[in-house]
Every structure is written in C-alpha cells, then in structure tokens.
Amino acid sequence: MDISANPSNRSRSVISVDPALAIGDVMNLVAKALAHQGPALNFTDEAIDSVTGDIAFIVGTTGSTGIRKSVALSAAAVLASARASLDYLQARPGQTWALLLPLHHIAGINVLVRALDLGTTPVDLRNVKEYANTDFSAVVPTQIFQALNGDEKLLAHLQSSKKVLVGGAQLQEDLLRRAIDSGISVVRTYGMSETSGGCVYEGTPLKGVGLRISDAGLIEISGPVLTSGYLNNAELWGQQYRDGWFT
C-alpha cells in the first residue's frame, strides 16, 4: 500500500489568515485548502508550522469557559458540516450568504464553506453601514438584540433572509419571540469548534450526527463533523473523545 495516498500520512504546511484579507482572497485560500491544493489555514494566534495532510483549518476555542485549545479540522469534517447545514436549509446552488461573524470563529469559517459549496462568494457585512440582502445569514444573539433595539438596517437585512442561523450562545426565549414576531426566520443552532460548528438545528441533529446523553448527564456527539483533535494536547482530546463519541 502506498501510504502517500493517505493525506493523514503526509505533512502539510500552514499559513496564518489575516482577518483583514479581502473576502475573495480568503475564499481562494479556503477552496485550495479544502481541495488539498494549498496549505492548511491557521485562524488562531498560535504559531503553527505544519500539520498532518488531512487537516485543512485550525481554529481556537476555549469551550466558553475552559482552557484555550487549537482545534484541528479536516476538510472532510468541515465539508460534511457545510453540506448537512445546506441540506437542512434546503439551500440551492447560486444562493448567497452574508458574512456577519469574525473569521477566527468556526461560525464565520462555516459561512465561507457553505457559500463555496453553493458556488457563490459571501457578501461581507462585517464592517458596513448598509446591509445587502442575501438568502441566508448567521449571527449570534447579541446581533439579534441589536437588530431589535435600534439597528433598523440590520433588522431589515435579517428579515429579508430566508433563514437566519443563531448560535454561539443561548438565544433567550423572550428575544426569540421578539425576533419571530418581527419577521426573522430564526434557526437556533447548537455546536462548537470541535463539531465543525453547529451540528444540531432546532433540537434536531444534522444528517450523520449522533447525539446522546451519558449516564453522567453530559452531551455526547458523534459523526463525520468531529474534529481530528487538539493540536499539542492529545491528552485532553483523549479524555473527551472515546469510541467515536465526543463529550
């Protein structure tokens, strides 16, 4: 067997992504990384020179309250996440996404990958005063709050979207009610960097994702969307990942 045919047996160079880079340039890097035709992309502040050949992206996470970790995501995992999301949303080629989230978070990266899979480029709305209409958007609850409390242009943008994914934190019930009453088609998502972003939409696991509650009352997740592990912290990963399930 030729081990060179297996990407995980090869080393891959890594480059850091400048958040200020034009969206078209970032999309070019993302496309090459996913196709294994360019270096892996580092979206963290950590200096990383190389990874195994199957890794496409490196993102940072603290798990909201834990220690900082560098999460290694394969092209297969990120694409599985994007395609499961698009399937849930019944998205069609040519439809567009708005980028309203920072690129150093998995949710922002996911917008790029979903758009790429639809054959489009995201509309970059991270630092604008005017909001173009798109088919889909992804935001955090703070942005829903802002839209409902004075940012009329952001509100109009979200109202025009077919679906608005909301994640990163719990969307409080009163804010959810107000958003729905205002005409925003909200989809609440649950996930983390270790699951390539949102993997449960409105309480339903995306295609291929397994979900169960352990005897200790902890959430366990399986499926093709899972990370390949933590860089430089195999011990911690071993504590959280066993027999195909991430706790």
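For the structure itself, look to the data block above.
Parameters and conventions
- Residues numbered from 1 in each chain as written.
- Predicted model: local features only at pLDDT ≥ 70, side-chain atom pairs only at ≥ 80, totals over all residues.
- Heavy atoms only, no water.
- Helix = DSSP H or I, 4+ residues; strand = E, 2+ residues; numbered from the N terminus.
- Rg over C-alpha atoms; globule rule 2.2 N^0.38 Å.
- Buried < 20%, exposed > 50% of the residue type's maximum accessible area, 1.4 Å probe, protein only.
- Contact = heavy atoms within 4.5 Å.
- Areas by Shrake-Rupley, 256 points an atom, 1.4 Å probe, with all protein chains shown as cover.
- Phe/Tyr/Trp six-rings, centres within 6.5 Å; stacked < 30°, edge-to-face > 60°.
- Lys NZ or Arg CZ within 6 Å of the ring centre and 35° of its normal.
- Pairing = 2+ DSSP bridges.
- Polar contact = N/O pair within 3.5 Å; in protein donor to acceptor, adjacent residues only side chain to side chain.
- Axes fitted to C-alpha atoms, helices over the stretch in contact; angles between N-to-C directions.
- Parallel < 35°, antiparallel > 145°, perpendicular 65-115°, else oblique.
- Nonpolar A, V, L, I, M, F, W, Y, C, P; charged D, E, K, R; others polar.
- Core = buried A, V, L, I, M, F, W, Y, C linked by side-chain atoms within 4.5 Å.

Observations regarding the overall build of the protein
So, point 1. Helix and strand counts for the protein come out as seven helices and 17 strands.
So, point 2. A globule of 247 residues ought to have a C-alpha radius of gyration of about 18 Å, and the protein, at 18 Å, matches this closely.
So, point 3. For the C-alpha atoms alone, the extent of the protein along its principal axes is close to 55 × 45 × 30 Å.
So, point 4. When the 247 residues of the protein are sorted by exposure, 47% land in the buried category.
So, point 5. Contacts in the protein between residues at least 24 apart in sequence constitute 61% of all its contacts with a sequence separation of at least 6.
So, point 6. If you sum the accessible surface of the protein, you get close to 12,000 Å²; carbon and sulfur atoms cover 50% of it.

Some points on the packing of aromatic side chains
So, point 1. Under the defined criterion, the tally for this structure stands at six aromatic pairs.
So, point 2. Their ring planes at 80° and their centres at 5.3 Å tell us that Tyr-230 and Trp-237 sit as a pair that is edge-to-face.
So, point 3. On the accessibility criterion, Tyr-230 (6% relative accessible area) is buried.
So, point 4. By relative accessible area, Trp-237 is classed as buried at 11%.
So, point 5. Aromatic pair Trp-237 and Tyr-241: ring centres 5.0 Å apart, planes at 10°, arrangement stacked.
So, point 6. One aromatic cluster is present, formed by Tyr-230, Trp-237, Tyr-241 and Phe-246 through successive ring pairs.
So, point 7. Lys-69 extends its terminal NZ or CZ atom over the ring of Tyr-230, reaching a point 5.7 Å from the ring centre.

A short note on the environment of Met-192
So, point 1. Inspection of the secondary structure puts Met-192 in strand E10 (residues 186-192).
So, point 2. Among the residues examined, Met-192 registers a relative accessible area of 22% and is labelled partly exposed.
So, point 3. Spatially, the C-alpha atoms of Met-192 and Ser-222 are 13 Å apart, while their sequence positions differ by 30 residues.
So, point 4. Among residues more than four places away in sequence, those in contact with Met-192 are Ile-106, Gly-197, Ile-221 and Phe-246.

Concerning the sheet that holds strand E2 (residues 40-42)
So, point 1. An order of E3-E1-E2-E4-E5-E15 is seen for the six strands of this open sheet, with the pairing classed as mixed. At either margin of the open sheet sits one strand with a lone partner, and together these are strand E3 (50-52) and strand E15 (229-230).
So, point 2. Taken together, the three bridges between strand E1 (residues 11-16) and E3 define a ladder with antiparallel strand orientation. Across the sheet, Ser-13 pairs through a bridge with Ser-50, a residue of E3.

Considerations on the environment of Arg-12
So, point 1. Tracing the backbone through its elements, the reader meets Arg-12 in strand E1.
So, point 2. Sequence separation of Arg-12 and Val-128 is 116 residues, and the distance between their C-alpha atoms is 36 Å.
So, point 3. Of the polar contacts made by the side chain of Arg-12, one reaches the backbone oxygen of Ala-33; its length is 2.6 Å.
So, point 4. Within the structure, Arg-12 has its side chain in polar contact with the backbone oxygen of Gly-38 (distance 2.9 Å).

Considering the packing of helix H1 (residues 23-34) against helix H3 (residues 106-118)
So, point 1. Put simply, H1 and H3 touch, their axes get as near as 10 Å, and they point 75° apart. Judged on the interaxial angle alone, H3 and H1 are roughly perpendicular. Taking contact as the criterion, the partners of Ile-23, Val-26, Met-27, Val-30, Ala-31 and Leu-34 in H1 are, on H3, Leu-112, Val-113, Ala-115 and Leu-116.
So, point 2. Of the residues contributing to the contact of H1 with H3, the split by class is 10 nonpolar, no polar and no charged.

So, the side chain of Thr-195
So, point 1. Turning to its location among the elements, Thr-195 is positioned in the loop between E10 and strand E11 (197-201).
So, point 2. By relative accessible area, Thr-195 is classed as buried at 0%.
So, point 3. In this structure the side chain of Thr-195 is engaged in a polar contact, spanning 2.7 Å, whose partner is the backbone oxygen of Gly-197.
So, point 4. With residues up to four places along the chain from it excluded, the contact list for Thr-195 reads Ile-221, Val-225 and Leu-226.

Considerations on the nonpolar core
So, point 1. With 49 residues, the main nonpolar core has Val-30, Leu-34, Phe-43, Phe-57, Trp-97, Leu-112 and Val-113 as its most contacted residues.
So, point 2. Counting residues per element, the ones that place at least two in this core are H1, strand E4 (55-61), strand E5 (69-74), helix H2 (75-89), H3, strand E8 (136-139), E11 and helix H7 (234-240).
So, point 3. Among all residues touching Val-113, those that are not within four sequence positions of it are Val-30, Leu-34, Phe-57, Val-78, Leu-79 and Ala-82.

Things to note about unusual backbone geometry
So, point 1. Within the chain, Ser-196 stands out as a residue other than glycine whose phi angle is a positive 55°.
So, point 2. The residue Ser-196 is located in the loop between E10 and E11 in this model.

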